[in-house]
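Letter by letter, the chains look like this.
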Amino acid sequence: MEVILAKNYGFCFGVRRAVDLLENELGRTNPVYTFGPLIHNQQFVDKMAEKGAKIVNELEDVKERSIVISRAHGLEKEIIEGLKNKKVTIIDGVCPFVNLVHKKALELESDGFQTIIIGEKDHPEVKAAASYIKNPLIIENSEEAKKIPNFERIGIVVQTTQSQQNVIDIVSALIENIKDIRIFNTRCSATEERQNAAVELAKIVDKMVIIGGKHSGNTKRLYQLCFEVKPSIHIETANELEKDEFKNINKVGITAGASTPQYIIDEVIETLKTF
Ligand code: SF4
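Keep in mind the model is a prediction, meaning the values are calculated, not measured.

Rules of the game
- Residues numbered from 1 in each chain as written.
- Predicted model: local features only at pLDDT ≥ 70, side-chain atom pairs only at ≥ 80, totals over all residues.
- Heavy atoms only, no water.
- Buried < 20%, exposed > 50% of the residue type's maximum accessible area, 1.4 Å probe, protein only.
- Helix = DSSP H or I, 4+ residues; strand = E, 2+ residues; numbered from the N terminus.
- Pairing = 2+ DSSP bridges.
- Axes fitted to C-alpha atoms, helices over the stretch in contact; angles between N-to-C directions.
- Left-handed = near helix turned anticlockwise from the far one by under 90°.
- Contact = heavy atoms within 4.5 Å.
- Nonpolar A, V, L, I, M, F, W, Y, C, P; charged D, E, K, R; others polar.
- Core = buried A, V, L, I, M, F, W, Y, C linked by side-chain atoms within 4.5 Å.
- Phe/Tyr/Trp six-rings, centres within 6.5 Å; stacked < 30°, edge-to-face > 60°.
- Lys NZ or Arg CZ within 6 Å of the ring centre and 35° of its normal.
- Arc of directions from axis to C-beta.
- Polar contact = N/O pair within 3.5 Å; in protein donor to acceptor, adjacent residues only side chain to side chain.

### Side note on the pairing of strand E12 (residues 251–256)
Most of E12 is tucked away, with five of its six residues classed as buried. Inspection of the sheet shows strand E1 (residues 2–5) paired to E12 by four bridges, in the parallel sense. What sits directly across from Leu5, in E12, is Ile254.

### Examining the packing of helix H4 (residues 96–110) against helix H5 (residues 124–131)
The N-to-C vectors of H4 and H5 enclose an angle of 35 degrees; their axes lie 9 Å apart at closest approach. Remark: the crossing between H4 and H5 carries right-handed chirality. Where H4 approaches H5, its residues Val98, Val101 and His102 are matched on the opposing element by Glu125, Ala128 and Ala129. Within the contact of H4 with H5, the residues separate by chemical class into four nonpolar, one polar and one charged.

### So, the nonpolar core
Val19 and Leu22 are the most contacted members of the largest nonpolar core, which totals 23 residues. Listing elements by their share of this core, those giving two or more residues are helix H1 (13–26), helix H2 (42–50) and strand E4 (67–69). Of all the elements, H1 adds the most residues to this core, at five residues. Contact partners of Leu22, with chain neighbours within four places excluded, come to Val32, Thr34, Leu38, Phe44, Met48, Ala53 and Ile69.

### Examining the packing of aromatic side chains
Throughout the structure, instances matching the rule amount to three aromatic pairs. On the basis of an interplanar angle of 45 degrees and a centroid distance of 5.7 Å, the ring pair of Phe246 and Phe275 is categorised as tilted. With Phe246 in the loop between strand E11 (232–235) and E12 and Phe275 in the segment after helix H10 (262–274), this pair connects stretches of sequence that are 29 residues apart. Over the ring of Tyr263 we find Lys47, and its NZ or CZ is 3.9 Å from the ring centre. Sitting above the plane of the Phe113 ring, Arg153 keeps its charged end 4.1 Å from the centroid.

### A short note on H2
The set of residues buried in H2 consists of Phe44, Val45 and Met48. Considered in projection along H2, the buried side chains sweep an arc of 100 degrees and stay on one side of the axis. Summarising the contacts, the buried residues of H2 are in contact with H1, strand E3 (53–56) and H10. N-capping of H2 is provided by Asn41, with a side-chain oxygen placed 3.3 Å from the backbone N of Gln43. Downstream of H2 by a residue or two, Gly52 has a phi angle that is positive, lying close to 115 degrees.

The structure is reproduced here in structure tokens:
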């Protein structure tokens, strides 16, 4: 059976950077705190916990003068200020593309625009970006865009993982009523590149294997997209592979979510090669 990897898969630039920072730090000191899991992959989180990474969800659980790595999609301003008050050393794991969203939102605010964030209200990245500006409006879809008041001028930034089509739909709805619109398209292409590569690969293989956390949103989306093209399975580790499921399969395609570590992908490839 031939095993083919998607052109783009696995860790994106921002996740790789945050993971490297954590691994480097764990080599020198411990414990190191992360606010919430650094990435949505339980196997990785468990492995890091064994080496001394502690996940916390509340400021009160962080010891004074300890070390905290901020996650790739950012931390809310109140949390950063709370950590500074505790004299904590903060290692900046925030992806530069996410920092750009904060920077552009602040620019728009200081230029007098009503700032709008296109994104999911409950997503940590959006919550973090919103916390840095005084009066942000968060819009998830074009229906919501149609209902916003007639502001004189609005400035828009975009959650990095938004789809281009949703941004187009929202801006089209806003343009109906608002004349002065400035937009910084702060989308990052990593998600879309992985999705496009997965679909392209699905077209030329008999079956797709999608590797990543069962709770990872971007992994689930990869699975849905592949499933529309070819029979597909979503697994977290090689242990879930069943030899019988690959009977009569000549070519199998592999992709993985942006939080899936390379060692887990390698184990899946090695197992598939033995079938
Ligand atoms: S998806 Fe893009 S913005 Fe988000 S962490 Fe990865 S590289 Fe950075």
